[in-house]
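# Architecture and fold: a report
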Amino acid sequence: MIVTIITGAFLIYGTLDMPEWGDPNSPASRHVSPRYIEKTEIETATPNMVTSVLADYRGYDTLGETTVIFTAGASCIMLLRRRKKKG
Amino acid sequence: MIIEQAPVLIVIIPLMAALVTPLLGWIRKDICYPWVILALLVSVMSAATVLNTVIHEGVIHYHMGGWLPPWGIEYVIDHLNAMMLVLVSGTAFLVAIYSKRSIEQELPEQTVYFYTLFLLQVTGFLGIVITGDVFNLYVFLEIASLAGYALIAIGEEGAPLASFRYIILGTVGACFYLLGVGYLYIVTGSLNMADLSGILPELYGSKVVLVAFAFFMVGLALKMALFPLHVWLPDAYTKAPSVASALIAPLMTKVAIYVLLRLMFTIFRPYLSFELLPMAKILLIAGIVAIFAGAIMALAQVDFKRMLCYIIVAEVGYMVGGIGLANSVAIKGVVLHVMNDVVMTLGLFTVAGIISYKMRSHTLMDFKGLFKKMPLTMAAFVVVALSIIGVPPTCGFFSKWYLIQGSVLAGNWIFIVALLFSSLVNIVLFFRIIEIGYYSFDSPESHGHDHDGDSVISEAPVSMLVPTLLVAVIILLIGLYNQSIIANIIQYAVPKL
Amino acid sequence: MLEFIIGKYNFWIYIILMMIGFYAMISKNNLIKKIIGMNIFQTAIILFYVSIAYKRGGATLPILTDADAHAHGEHIINMAQYINPLPHVLMLTAIVVMVATLGVALAIAIMLYRKYHTLEEDEIIKALK
């Protein structure tokens, strides 16, 4: 319980310096994303910005994510297969 | 053209091979083993090519999909990366050769999926080591962790519970890492490591960066089993199948230490890590406590593999304490020790696997009389033991030497005392085993184990023996050539402090 | 002080949710409660990230509709009209990872149940001794 409270306090302490919620001028919105928003139609011909980032700019992360699913699937098969009873 | 694409091939070939393995295994179970070895051989050769290129030409930047960073993902390979790549893929290759007989004995029905998860875990580790983007690192960290959870859970009695505990603690660690990435993203807007290290210096006074750093540290400390967050390690590595522990034990903790080095020196420059925050003191104290705790708990163990797990905890203490010394000699020692520890832990766990294969258990008493019956295995074991104790000309001596030099330079005597104490404890631990190995008071029949009808234990099978002997030879080679390794590779991997 | 809280209350709510999940994960005894705590913790992290992406002042979803598609030759897509797509993308991947971890954890819980017929951690530890 104490660990939980300390962790929560630390996290809240960290938010004190963060930009406000919904601020359109925060660094997160100004640095990398403008290019995603403005150029998505031109560079990737996809109107949906989330898709263009997911499949084009950051497609490698999506490959990793599919691998995660495959890993989980193979793990579950290996862990849960019922053995034939011996004797 | 292949040489240009080598950075990607290192990660993609095991991944694609892992996807094909269940199909091959459905056709014939026996072709999984050569397939795995082939895939890892290509990966090792690509890693060696990359290392060669980095030594001769400098840092490699590889942009995924042609998008420039920070809008796309890039792979940055400098000297530290290239060394870790060769280590990880080489270890995986040796364990794959070693795995055939052990898997036939311990896991006969689950062979196909075992090899699939083996390749996936290697993919995960290679992806962590090579990437230059913090979120990509999280994805591959989860691939490696998930494969690890499943590989550990199919072991002996009590393995599922050990794996469940590892899941809970490992997920906490990975989520803290993700929280750190999130906090950094909120104030910088970028996910690329080089970009972050450019933007962060203006933000050093911000509380967000401080909290992000703290969460990264705690998350990584859980993954690298730094005392007192090591509680998942002994159970998980002891009860896993011997091949699984031979793969995971040398690599998981050291890859986490690599991520720590990347974080502290590339992303948060040494100015933040050492001068603004008292990280040096904290890491040093954590390292010293870990060394003492690991050494003392290792003395109390009766089970060989459990003893090795506590030795791993102490070794992590060396490395973390070495980073805490904060001068470049010590960090040279830490990087050299990462290399040495991968090889030494691999050697120890392969010997444990051979003992487990022959005697079907892995307690200390199983070593009785083994010097006469398995001379080659025990010779390799003695070389690895000397390296952990720190006897020249094995590699363990040189990394301890650099750490002691760094400690003298920093004026910290408690760390030297901890190192020497740990060496003494290791001497006691290993000479105890060597003594048990020399004397065989009882005849083999009265052990009570069933040796498949043989009453004489013979030498280990060739496919298990060759990797073990190779590891012993590598330990000696690293020790003899350590000067040229440091001059060519490690020197450039260490920041100027 | 008040605009301080109003400016950041979204982060605080998610942190409290995270701590509820974290507490359940480390201090409950039942395996399923631990797994659910893990799920709550990870879900709260995902919501935390998604909340970063919001922009005040009439920003809509990050999808270009037909009206804007005609204008793309003139580069008048305004950054402030659309919310930030990057955290959404990262969280798609994180959701998948969360579900995969949930699956493997539940598979191990099934393995444990088949063997020991109980889901309480202390009973399993006692049965192992």
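The shown structure was predicted, so the numbers you read here are calculated from the model rather than taken from an experiment.

### Some thoughts on the pairing of strand 1 (residues 60-63) of chain B
The side chains of a regular strand alternate between the sheet's two faces. All names here are of chain B. Of the two faces of strand 1, only the one carrying Ile60 and Tyr62 is buried; His61 and His63 on the other face are not. Sheet topology note: the strand 1/strand 2 (residues 74-77) ladder contains 4 bridges and is antiparallel. Note on strand 2: the bridge partner recorded for isoleucine 60 is isoleucine 77.

### A look at the nonpolar core
In this structure, Phe114(B), Phe118(B), Tyr237(B), Met264(B) and Phe268(B) are the most contacted members of the largest nonpolar core, which totals 264 residues. Apart from the residues lying within four places of it in its own chain, the contact partners of Met264(B) are Phe213(B), Met217(B), Arg269(B), Pro270(B), Ser273(B), Phe274(B), Met279(B), Leu283(B) and Ile323(B).

### Here's the deal with the packing of helix 16 (residues 375-389) of chain B against helix 19 (residues 462-480) of chain B
Residue and element names in this part refer to chain B. Their axes nearest at 9 Å, the elements helix 16 and helix 19 cross at an angle of 35°. Two packed elements cross with a definite hand, and for helix 16 against helix 19 that hand is left-handed. Two secondary-structure elements touch here, helix 16 through Leu376, Thr377, Ala380, Val383, Val384 and Ser387 and helix 19 through Leu465, Thr468, Leu469, Ala472, Ile475 and Leu476. Taken together, the residues of the contact of helix 16 with helix 19 break down into 9 nonpolar, 3 polar and no charged.

### Structural notes on the packing of aromatic side chains
Each aromatic ring pair is characterised by the separation of its centres together with the angle its planes make. All names here are of chain B. Across all of its chains, the model carries 24 aromatic pairs over all chains by this definition. For the pair tyrosine 166 and tryptophan 232, a centre-to-centre distance of 4.3 Å together with 5° between the ring planes defines the contact as stacked. One end of the pair, tyrosine 166, is in helix 6 (residues 159-188); the other, tryptophan 232, is in the loop between helix 8 (207-224) and helix 9 (233-239), with 66 residues separating them in the sequence. Tyrosine 166 sits in the buried class, given a relative accessible area of 1%. Given the relative accessible area of 2%, tryptophan 232 is considered buried. Here phenylalanine 216 and phenylalanine 268 contribute two aromatic rings whose centre-to-centre distance is 6.2 Å and whose plane-to-plane angle is 70°, an arrangement assigned as edge-to-face. Of this pair, phenylalanine 216 sits in helix 8 while phenylalanine 268 sits in the loop between helix 10 (242-267) and helix 11 (270-276); the two residues are 52 residues apart in sequence, bridging distant segments of the chain. Residue classification places phenylalanine 216 among the buried residues on the basis of a relative accessible area of 0%. Here the aromatic residues Tyr33, Phe114, Tyr115 and Phe118 are joined through ring pairs into a cluster of three or more.

Rules used in this analysis
- Residue positions are given per chain, counting from 1 as you read along its sequence in written order.
- Following the order in which they are written, the chains are lettered starting with A and the ligands numbered starting with 1.
- The model is predicted, so local features are restricted to residues of pLDDT at least 70 and side-chain atom pairs to those at 80 or more, both for listing and for counting; the totals for chains, interfaces and linings are taken over all residues.
- The side-chain numbers reported here are obtained from all heavy atoms of the structure, hydrogens and water having been left aside.
- Relative accessibility decides the category of a residue: with a 1.4 Å probe and only protein chains considered, values under 20% of the type maximum give buried, values over 50% give exposed, and everything between is partly exposed.
- Strands are runs of DSSP state E lasting at least 2 residues, helices are runs of H or I lasting at least 4, and numbering of each runs from the N terminus.
- Pairing between strands is defined by DSSP: at least two bridges between the two strands are required.
- Throughout, nonpolar core names a set of buried Ala, Val, Leu, Ile, Met, Phe, Trp, Tyr and Cys residues whose side chains join them through atoms within 4.5 Å.
- By the convention used here, residues are in contact when the closest approach between their heavy atoms is within 4.5 Å.
- Every axis in this analysis is a line fitted to C-alpha atoms, fitted for helices over the stretch in contact. Angles between the N-to-C directions lie between 0 and 180 degrees.
- Note on convention: near helix rotated counterclockwise from far helix by under a right angle means a left-handed crossing. Clockwise means right-handed.
- Classes in brief: Ala, Val, Leu, Ile, Met, Phe, Trp, Tyr, Cys and Pro nonpolar; Asp, Glu, Lys and Arg charged; the others, Gly included, polar.
- Geometry of aromatic contacts follows a simple scheme: Phe, Tyr and Trp rings, the Trp one being its six-membered ring, pair when their centres are within 6.5 Å, and the pair is stacked under 30 degrees between planes, edge-to-face over 60, tilted otherwise.

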